[in-house]
Every structure is written in structure tokens, then in C-alpha cells.
Amino acid sequence: MKISDQHYRTIWRDAQSVCIIDQTRLPFAFAIARLQTHSQMCHAISSMQVRGAPLIGAAAAYGMVLGCQQQADDQTLLMVAEQLIATRPTAVNLAWAVQRMLQQLRAVAVAGRAQAAWALALAIADEDVAQNQAIGQHGLALIDPLATANPQRAVNILTHCNAGWLATVDGGTALAPVYAAHDAGLRVHVWVDETRPRNQGASLTAWELAQHGVPHTVITDNAGGHLMQHGQVDMVIVGADRVTSNGDVCNKIGTYLKALAAHDQQIPFYAAVPTPTIDWQLAHGTGIAIEMRDADEVAYMQGQDDQGQIQRLRVIPHESPALNPAFDVTPARLVTGLITERGIFQPQQLHTLEASL
Ligand code: MRU
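Residues numbered from 1 in each chain as written. Predicted model: local features only at pLDDT ≥ 70, side-chain atom pairs only at ≥ 80, totals over all residues. Heavy atoms only, no water.

**Examining the environment of Met48**
For step 1, the next point in the chain: Following the sequence through the fold, Met48 ends up in the loop between helix H1 (38-46) and helix H2 (53-70).
For step 2, the next point in the chain: Judged by relative accessible area, Met48 falls into the buried class, the value being 3%.
For step 3, the next point in the chain: Sequence separation of Met48 and Thr87 is 39 residues, and the distance between their C-alpha atoms is 9.9 Å.
For step 4, the next point in the chain: Once residues lying within four places of it in the same chain are set aside, the contact partners of Met48 are Gln23, Thr24, His43, Arg88, Arg198, Gln200 and Arg293. (Helix = DSSP H or I, 4+ residues; strand = E, 2+ residues; numbered from the N terminus. Buried < 20%, exposed > 50% of the residue type's maximum accessible area, 1.4 Å probe, protein only. Contact = heavy atoms within 4.5 Å.)

This is the structure:
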């Protein structure tokens, strides 16, 4: 991604440290955090300084590197792996990346593990970037005919949460087709769901679309159905944290409601899904562990006041409890297609993708 004309990834190596863009500071401050231990990486993932399924996969891989730098025997590696996997339960990319690091590092002599780990983590990060680029091209093929059929108006795409650059190492998943279309000169406009309670849409998706110059409008989470009823949404594209082998899509809480409304209005509903996000071991979305986050994320909102100060305000009565499930599952029957790096698949065709891997 380009920020003020400088190219950034969301995570990178600097000497023996790992640097990340601290997403808890966006959109009001662009800050880089430097991590030196696997515990710092665990904190970065659980506090959502880094977030988004592909990015937390890469971050966990780099967490394994930081662990190896401290001590690289089998027992320590297992302990580091367990701590990283425990940070966030829903996105399968995290456990996938940690298991891959663990398996490959065990084949390396202890003395060479730290060096090998840097190379393995970089490979995971580079693969993510390449996958997202391919997703962008496949998704572009869906947007292109809509833009060509109706050149006098923009193609309106609704997205939920943040599945852009910031949720990946670079390029984004759900937003990759949007960037590809915009860069190809097609007229696109994005409806950005604010995505309560943490507002990843309002604070992250809106920020990165603005950085790239993509026309967009932030809407409340409740506005999507109304816009769909009034012909103002041409397609929905979301990301995913885990897709099961039957094509059920687990994504940020609220995605299911968008899929229901899109289905009712016969609007195509796509999930952009790099293959590390597919959990081939799980047959149905009902088996996915849904992360329950702190109720304070619902009880409080954070924002900038007119004097430029970041403020945290309580928005519910002190007497009222709050519940904060972070993800939901959209059943495969509501999903038009899965945009993967290997092409677009209907949910019931996923087995052909599995066979080709
Ligand atoms: O809780 P988050 O911010 O990590 O959740 C992110 C999402 O739900 C994204 O839509 C998903 O990870 C897809 S990422 C390309």
C-alpha cells in the first residue's frame, strides 16, 4: 500500500525486530510499532494492533520467528506456538501459519532455526501478497461487465468490516477487486459498513480507500438492507476468517444479515477467500469457534473530538450488560461465489478446488 507516496506492507522485518502498522491508532494517527519478542506479538494480535485473517496468519509466523530468536528447542517452539494460537480462535489462517512454521522448523537443526524462520515467515507473507493480487484479477472479471453495461454510473459494491490492505500483508482480499477495477479506470463506489463494535469499516476501510482515492461512503451497519431495496447496491464483497469445506463463510459479526438481505434482493454476495482461509477439516460452519470479545467494546466507543483528542465514551447504561460475539456464519446457500486466488467457485464446487491444491 502507498501512504504519502511511500510503499508499505502491514508487517515487515527490520534487523532482528518485526515492524507493524498499529491499527488501533488509525485513522487518526499512522504509527509503527516495533516488536522484539513473541509475547509482544501475542499482545499485538489479541489487542488487534494487527488484525484481519491473512495478516494475523503472517503475524503469527513472525511471532514464531521472534520466539526462535530467544530459544529454538522443540519444547520452546511448541510453547510459543500454543501461545500464538490462543490469541484469536476464529481465523484459521493463524493456526495454519503456526502449524506450517512448526512443521518446517522441526526439520531444521536448532542452531539454524532462527535464520530459517525469517525465510519461512517471509515466504508466508509473500504468498499472501501474490494470492491477493490474483483474487483482485478474478474479482475484476465480475466488476468489469457491470461497469461496461452501465458506463454512466459507478458500480456500487457493499463491503463489511475491513478486508483490505490492512487485513492482509498487502493488497487486501475483498477490496483487491475494487482496487483492481479502480486502477483499471472503471467507475466503482464502495458502501462501507461502519462495523460496530470496533468500527473496522469506518476507521480502517474508509481510511485505506481514501488513501487510494477510491470513491466510498461510510454507512451505518443497519443501512445496507435499505440501500439494497432501492437499487443502490450492485454486489456485496466481504472477506472471510474461515470457510468450511461445504462453503459456509465465517466473517465479522453482521455479515450474515447482509447476506440475507442480498439474497432477498437477488444481489450477488461474494466472499474473497485466499486458500489458507479454507478449513478443509471442518464440514460445516457450526463447528467454528466464535471469538467472544470483551463487552467493553460494545459499551464504549472511541473517537476523536473536535480538539483532536482521542476520547473513549460509554454509550450504554452502567446497569446494562453487553455481549460481544465477534463473528458469524453465513450459510453456503446465501453465497453466490468464493473469489479465490485460483478462480471463482460456487460453494458446492469447493471440492474441485481442494482436489487441485
Ligand atoms: O476482528 P477482525 O478485525 O480481525 O476481523 C476481520 C474480518 O472479519 C475480516 O473481514 C476478515 O478477517 C477478512 S480479512 C481479509
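**Side note on helix H9 (residues 255-264)**
Since the α-helix turns once every 3.6 residues, residues separated by three or four places project in the same direction.
For step 1, the next point in the chain: Where H9 is concerned, the buried positions are Thr255, Lys258, Ala259 and Ala262. Within H9, the buried residues cover an arc of 100° as seen down the axis, which keeps them to one side. Opposite its buried face, H9 presents the exposed residues Leu257 and Asp264, each directed more than 90 degrees away. (Arc of directions from axis to C-beta.)

**Re the packing of helix H6 (residues 176-183) against helix H7 (residues 200-212)**
For step 1, the next point in the chain: Between H6 and H7, the shortest axis-to-axis distance is 12 Å and the interhelical angle comes to 20°. In terms of axis orientation, H6 runs roughly parallel to H7. Between H6 and H7 lies a crossing of right-handed hand. Of the residues in H7, those in contact with Val178, Tyr179, His182 and Asp183 of H6 are Glu208, Leu209 and His212.
For step 2, the next point in the chain: Within the contact of H6 with H7, the residues separate by chemical class into 3 nonpolar, 2 polar and 2 charged. (Axes fitted to C-alpha atoms, helices over the stretch in contact; angles between N-to-C directions. Parallel < 35°, antiparallel > 145°, perpendicular 65-115°, else oblique. Left-handed = near helix turned anticlockwise from the far one by under 90°. Nonpolar A, V, L, I, M, F, W, Y, C, P; charged D, E, K, R; others polar.)

**Quick word on the layout of surface pockets**
For step 1, the next point in the chain: Size it by volume and the largest pocket reaches roughly 830 Å³.
For step 2, the next point in the chain: Forming the boundary of the largest pocket are 32 residues, of which Thr24, Leu26, Arg198, Met301 and Gln302 lie nearest the centre.
For step 3, the next point in the chain: Secondary structure elements with two or more residues in the lining of the largest pocket: H7, helix H10 (296-299), strand E14 (300-304) and strand E15 (310-314).
For step 4, the next point in the chain: Class assignment of the residues belonging to the lining of the largest pocket gives a composition of 12 nonpolar, 11 polar and 9 charged.
For step 5, the next point in the chain: Split by domain, the residues of the lining of the largest pocket number at least three in each of domain 1 (2-126) and domain 2 (134-356).
For step 6, the next point in the chain: Each pocket or cavity is described by its volume, and for the second largest pocket that value is around 350 Å³. (1 Å grid on protein atoms, 1.4 Å probe; cavity = no way out; pocket = protein on both sides within 12 Å on 5 of 7 lines; lining within 4 Å. Points joined across faces, edges and corners; volume = space filled by probe spheres on them. Domains from an automatic or database assignment.)

**Remarks on the sheet that holds strand E11 (residues 249-252)**
For step 1, the next point in the chain: Ordered in space as E13-E10-E11-E16, the 4 strands form an open sheet in which the pairing is mixed. Bordering the open sheet on either side are strand E13 (278-279) and strand E16 (327-330), each of which pairs with just one other strand. (Pairing = 2+ DSSP bridges.)

**Focus: the site of the ligand**
For step 1, the next point in the chain: Residues in contact with the ligand amount to 18 residues; listed here are only the nearest, Arg51, Arg88, Gln200, Asn251 and Lys252.
For step 2, the next point in the chain: In this structure, Asp241 approaches the ligand through a side-chain N or O atom, which is 2.9 Å from an oxygen atom.
For step 3, the next point in the chain: Between Lys252 and the ligand, the recorded distance is 2.7 Å, taken from a side-chain N or O atom to an oxygen atom.
For step 4, the next point in the chain: In isolation the ligand offers 410 Å² of accessible surface; the protein chains occlude 100% of this area.
For step 5, the next point in the chain: More than half of the atoms belonging to the ligand lie within 2 Å of the grid points that define the largest cavity. (Near = heavy atom within 4 Å. Polar contact = N/O pair within 3.5 Å; in protein donor to acceptor, adjacent residues only side chain to side chain. Areas by Shrake-Rupley, 256 points an atom, 1.4 Å probe, with all protein chains shown as cover. Sits in = over half its atoms within 2 Å of the grid points.)

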